[in-house]
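Below are the chains, spelled out letter by letter.
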Amino acid sequence: MEIDLTARSDEFRAFWTERRLASLTTVRPDGTPHVVAVGVTVDFEAGVARVITFSDSHKARLAKAAGEGGVAAAVCQLEGPIWSTLEGLMVLRDDPEAVKDAENRYAARYRQPKPNPKRVVLEIRVRKVIGNA
């Protein structure tokens, strides 16, 4: 069950829109955490967090193996004592339209990403928000 991110505060929206990096956490098949630094964008209306990456990255392979059911994932960012984590199920999208949309969102928050023919998008359907942002 996704949650309504549009009902969150203006401060929450600003926190997830201003330029800052985040961490993405997934769980490997052996049960150990896999944590990496990422740029993340949030589509508040759709309730989706997006990460662009290479198709052969560990996180992309993990999401691809999970299929449309998704794999548990969380993105977290912090600024001093302010932090927020978005949890949900992550799926891989590799169709050109989804990739272009994610690149445009990334460019709006960070910078225009370099061309990458291996680019894919990891979409996290947000089911839970924790933190104080």
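Structure: above.
Here we summarise the structure given alongside this text. (Residues numbered from 1 in each chain as written. Predicted model: local features only at pLDDT ≥ 70, side-chain atom pairs only at ≥ 80, totals over all residues. Heavy atoms only, no water.)

## Things to note about the environment of R93
For clarity, the cut-off: Runs of H or I in DSSP of at least four residues are treated as helices and runs of E of at least two as strands, each being numbered from the N terminus. Residue contacts are defined here by distance: any two heavy atoms, one from each residue, within 4.5 Å place the two residues in contact. In protein, a polar contact requires one atom able to donate a hydrogen and another able to accept it; more generally it is a pair of N or O atoms within 3.5 Å, and residues adjacent in sequence count only if both atoms are side-chain atoms.
In this fold, R93 is placed in strand β6 (residues 82-93). Each C-alpha atom of the pair R93 and V121 lies 5.0 Å from the other, and the pair is 28 residues apart in sequence. When near neighbours in sequence (up to four residues on either side) are disregarded, R93 contacts E68, A98, V99, V120, V121, E123 and R125. Side-chain polar atoms of R93 contact the side chain of E123, separated by 3.3 Å.

## Examining the packing of aromatic side chains
Keep this limit in mind: Planes of paired rings set the category: under 30 degrees apart is stacked, over 60 is edge-to-face and the rest tilted, where pairs are Phe, Tyr or Trp rings (Trp by its six-membered ring) whose centres lie within 6.5 Å. Relative accessibility thresholds used throughout: buried, under 20% of the residue-type maximum; exposed, over 50%; partly exposed, between the two (1.4 Å probe, protein chains only).
Within the structure shown, the criterion is met by 3 aromatic pairs. Pairing F12 with F44 gives two aromatic rings, centres 6.3 Å apart and planes at 75°, and the pair type is edge-to-face. Within this pair, whereas F12 is found in helix α1 (residues 10-15), its partner F44 is found in the loop between β3 (41-43) and β4 (48-54), the two being separated by 32 residues in sequence. Here F12 falls in the buried class, since its relative accessible area comes to 1%. Overall, the relative accessible area of 5% leaves F44 in the buried class. Between the aromatic rings of F15 and W16, the centroid separation amounts to 6.3 Å while the plane-to-plane angle is 90°, which identifies the pairing as edge-to-face. We note that F15, like W16, is buried.

## What about the pairing of β4?
Definition in use: Whether two strands pair depends on DSSP finding at least two bridges between them.
Along β4, 6 of the 7 residues are buried, which leaves the element largely enclosed by surrounding structure. Bridge count for β3 against β4 is 3 bridges, and the pairing is antiparallel. Residue V42 lies in a different strand from β4, and its bridge partner there is A49. Count of turn residues in the β3/β4 antiparallel hairpin: 4 residues, of which G47 carries a positive phi of about 70°. Pairing analysis gives 7 bridges linking β4 to strand β7 (residues 119-131), with the strands arranged antiparallel.

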